[in-house]
Amino acid sequence: MSSMRGSRRTTVEMPDGMTFDVLSLPDLVQAKKTQRDKDWPMIRRLVEADFSGRREAATVADIRFWLRELRTPELLVAVAAAHPERCPVLIPERALLKHALRGDAPALELELATEESKEREADRRYWEPLRAEIEKLRHMKTRTRWG
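Residues numbered from 1 in each chain as written. Predicted model: local features only at pLDDT ≥ 70, side-chain atom pairs only at ≥ 80, totals over all residues. Heavy atoms only, no water.

Student: Give a description of the nonpolar core that names residues and reports values.
Tutor: The tendency in soluble globular proteins is for nonpolar side chains to be buried as a group. In this structure, Val47, Trp66, Leu67, Leu76, Val79, Leu97 and Leu108 are the most contacted members of the largest nonpolar core, which totals 22 residues. Ignoring sequence-local partners within four residues, the contact set of valine 79 consists of Phe51, Ile63, Trp66, Leu67 and Leu70. (Core = buried A, V, L, I, M, F, W, Y, C linked by side-chain atoms within 4.5 Å. Buried < 20%, exposed > 50% of the residue type's maximum accessible area, 1.4 Å probe, protein only. Contact = heavy atoms within 4.5 Å.)

And the structure:
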C-alpha cells in the first residue's frame, strides 16, 4: 500500500496490540484512480455512500471532499447548489465545478469523462517505468536461463 500512486497509509493499533495499515476514504479514492475499468464505478459508489451517510452532519472537510471527488453529476450539482461558497476555491483544481454551479449536468458528464481519461493516463504514465523495468528483468532472466 505504501507504493500506490498518490496514497498514504496510516497504521492503526488495536487494544490487543495488533496493527493494521489502512487508507482514509480520500486516500482510497485517490488510490483507485487507475487504468482499471472496475475501479471507476467503485470510486463513484464509495463517494456516493459517504455522501449518503454523512450529508446531514457534513463538515467543511466532507463538503470539500465531495466537491473534489463526486462522480455523479446530479449529486455534484446538488452539493454545489447547497454550498456555492465552497466552489470558487476549488475551481482552479476541478474546473468542472463551474458546470455543477450552473446545474449543467450534460456538460458535467462530459467533463467527468475527460477527468477520468486524464487520471487513467496519469496512472499509465506512473507505472510505465516500473513495467519497463519488470520486462527488462524478465528478459534478463530468460537469457540467463537459456544462456
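Student: Can you tell me about the pattern of salt bridges, naming the residues and giving the values?
Tutor: Side-chain pairing between opposite charges can occur once the charged atoms of the two side chains come close. Evaluation of the coordinates by the stated rule reveals 17 salt bridges. As a salt-bridge pair, aspartate 37 and arginine 120 come within 2.8 Å of each other at their nearest N and O atoms. Note that aspartate 37 is positioned in the loop between helix H1 (25-31) and helix H2 (39-54) and arginine 120 in helix H7 (residues 105-146), a separation of 83 residues in sequence. Relative accessible area serves as the criterion here: at 57%, aspartate 37 is assigned to the exposed category. Arginine 124 is the salt-bridge partner of glutamate 121, the closest N and O atoms lying 2.4 Å from each other. In this pair, glutamate 121 and arginine 124 both sit in helix H7, three residues apart, roughly one turn of the helix. For arginine 124, a relative accessible area of 29% puts it in the partly exposed group. (Salt bridge = Lys/Arg side-chain N within 4 Å of Asp/Glu carboxyl O. Helix = DSSP H or I, 4+ residues; strand = E, 2+ residues; numbered from the N terminus.)

Student: Describe helix H4 (residues 73-82), naming the residues involved and giving the relevant values.
Tutor: Helical geometry: 3.6 residues make up each α-helical turn, so side chains three or four residues apart lie on a common side. When H4 is considered as a whole, its buried residues turn out to be Pro73, Leu76, Val77, Val79 and Ala80. Taken end-on, H4 shows its buried residues confined to a sector of 165 degrees, consistent with a single buried face. Away from its buried face, by an angle of more than 90 degrees, H4 presents the exposed residues Glu74, Ala81 and Ala82. (Arc of directions from axis to C-beta.)

Student: Before we move on, could you go through the packing of aromatic side chains and cite the residues and values that matter?
Tutor: On inspection of all chains with the given rule, the structure shows two aromatic pairs. Both rings, one in phenylalanine 51 and one in tryptophan 66, keep their centres 5.0 Å apart while their planes meet at 85 degrees; by these two values the pair is edge-to-face. Highlighted residues: phenylalanine 51 in helix H2 and tryptophan 66 in helix H3 (residues 60-69), separated in sequence by 15 residues. A relative accessible area of 8% places phenylalanine 51 in the buried class. According to the relative accessible area criterion, tryptophan 66 is buried, its value standing at 2%. On the numbers, 4.9 Å between centres and 85 degrees between planes, the contact of tyrosine 126 with tryptophan 127 is edge-to-face. We classify tryptophan 127 as partly exposed; its relative accessible area is 23%. (Phe/Tyr/Trp six-rings, centres within 6.5 Å; stacked < 30°, edge-to-face > 60°.)

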